[in-house]
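A structural walkthrough
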Amino acid sequence: MTHRASCGLDRTAVYRYRDGDLPEAERRTFEGHLGGCASCRGRLEDGDALGRLLRIRDDALGEELPKDFAAQLMARLPAAKRPGWTRLLGSWHSHRLLWVSAVAVAAALAVLVPLVVRQGAIDRRSAAENEAGLRRRELVAPPVRPQLRPRPQGMFMPSPARPGAGR
Amino acid sequence: MSDADRELVRRAREGDQAAYRALVERYQRRVFSLALTLLKDRDDAADVAQETFLKAYQGLSSFKGEAGFYTWLYRIANNLAIDLIRRRGHTVREEIDEELLDPEAAQACEGLLATRLGVDPAEEAMRHELGETLERALAELPEKHRAILILREVEGLSYEELSLALDIPKGTVMSRLFHARAKMQRLLTGELSAGAEGAPVNVAGAVASKP
């Protein structure tokens, strides 16, 4: 609802001017109007008087604050601070998305980690068994030597050592 | 939010209680004054101010810093005070005074308050009658009008900050301020016209003597 002053101006404009809420162009227009309008000047002066009166009152009210207000409050802070786990629960509403994501990640990890660990164990066991198998085969059957071609007679070649040779 | 407040809030969030104490000491008088204006009882006002700072401390992690720290405090204090009034079984007055919508009645008061108070209300404020008159006039206002008047005239909140502190649209801020001021000016002008001058005592004495 618009409240018109006797000059025809919206009466809220006086307060908006006083409160610094009028845009620059409107502010200049209003200042031009103010010079010739006793009604708006009177309202403005009333606003200033009321403001000063309330500030004087507030200064006096501040004196009523209990002297140990801050100390009392600080003594209550540790009690107000809840244990870690209840604080975590308490933050459910403010961090719901974060909590849902964390639970989903935890569930995925709970499923995946044992699988990965188990697969790793299987792989390691298979590798160990393969290695052991290889070692067993090496012990039972001597390594297969490559077939040598017959050496030409009279040609100097170091003869391979034979069991019983040189006795 | 000022850089100093932002830094104190950051440290307080990390558990630095000395930083939080600095914030409390900076704003305790202002929060208490707002609560006392709404509740008109010193003990209730101190309790609400304590609860305001406790609640703010517990909610520091959810404070986004979009508005000033004090704007956030006023919002908490205002809500706690209104809740207390309701819990006590009192009605939080919501009405708009239809008399204010009468342009002739409003115009009849224009400029009178400033004239009655003279050029320096500080001198006048030292009068016993004036302190009581002011309290009577404030008591006539609905709580929401009292709150917006104090937050604008004393704390100097902008319309945007008032909108955040009181959780109302900017249009409602303008309308509510208009009604609050118009009613106060009319009440004070009427009281001062009819009132007698008394012995000089300060406004605090008049306020403190209220039950």
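Anything mentioned here points back to the structure above.
Residues numbered from 1 in each chain as written. Chains lettered and ligands numbered in written order. Predicted model: local features only at pLDDT ≥ 70, side-chain atom pairs only at ≥ 80, totals over all residues. Heavy atoms only, no water.

1. Focus on the overall build of chain B
The number of helices and strands found in chain B is 12 helices and zero strands. In chain B, the order of α-helices and β-strands from amino to carboxyl end is α-α-α-α-α-α-α-α-α-α-α-α. For chain B, the residues scored as buried account for 52% of the 211 residues in total. Taking contacts inside chain B between residues at least 6 apart in sequence as the whole, the part at least 24 apart equals 68%. (Helix = DSSP H or I, 4+ residues; strand = E, 2+ residues; numbered from the N terminus. Buried < 20%, exposed > 50% of the residue type's maximum accessible area, 1.4 Å probe, protein only. Contact = heavy atoms within 4.5 Å.)

2. Quick look at the environment of E7 of chain B
Residues and elements named next belong to chain B. Secondary-structure assignment places E7 in helix α1 (residues 3–13). On the basis of relative accessibility, which here comes to 34%, the residue E7 falls in the partly exposed class. Sequence spacing of E7 and A19 is 12 residues, and the spatial spacing of their C-alpha atoms is 8.6 Å.

3. Remarks on the pattern of salt bridges
Inspection of every chain in the model, using the stated rule, returns 26 salt bridges over all chains. We note a salt bridge from E153 of chain B to R18 of chain A, for which the minimum N-O separation is 2.7 Å. A residue pair is termed interchain when its members come from two chains, as with E153 of chain B in helix α9 (residues 143–153) and R18 of chain A in helix α1 (residues 12–18). Two residues, R42 of chain B and E64 of chain A, come together in a salt bridge whose shortest N-O distance is 3.5 Å. Here R42 of chain B is found in helix α3 (residues 42–58), whereas its partner E64 of chain A is found in the loop between α3 (38–62) and α4 (69–80) on a different chain. By relative accessible area, E64 of chain A is classed as buried at 17%. Salt bridges sharing partners connect three or more residues here, namely R18, D19 and D48 of chain A together with R152, E153 and R181 of chain B. (Salt bridge = Lys/Arg side-chain N within 4 Å of Asp/Glu carboxyl O.)

4. Here's the deal with the nonpolar core
Of all hydrophobic cores here, the largest spans 71 residues; its most connected members are Y20, F53, F69 and M184 of chain B. Ranked by residues supplied to this core, first place goes to helix α2 (residues 17–39) of chain B with 12 residues. The residues touching F53 of chain B, leaving out its near neighbours within four places in the chain, are F69 and L73 of chain A together with Y20, L23, V24, Y27, Q28, V31 and L73 of chain B. If you look at the next biggest cluster of nonpolar residues, it comprises seven residues, including V14, L34, C37 and L44 of chain A. (Core = buried A, V, L, I, M, F, W, Y, C linked by side-chain atoms within 4.5 Å.)

5. Concerning the side chain of T71 of chain B
The residue T71 of chain B is located in helix α4 (residues 69–87) in this model. Not counting the four nearest positions on each side in its chain, T71 of chain B is found in contact with E161, L164 and A165 of chain B.

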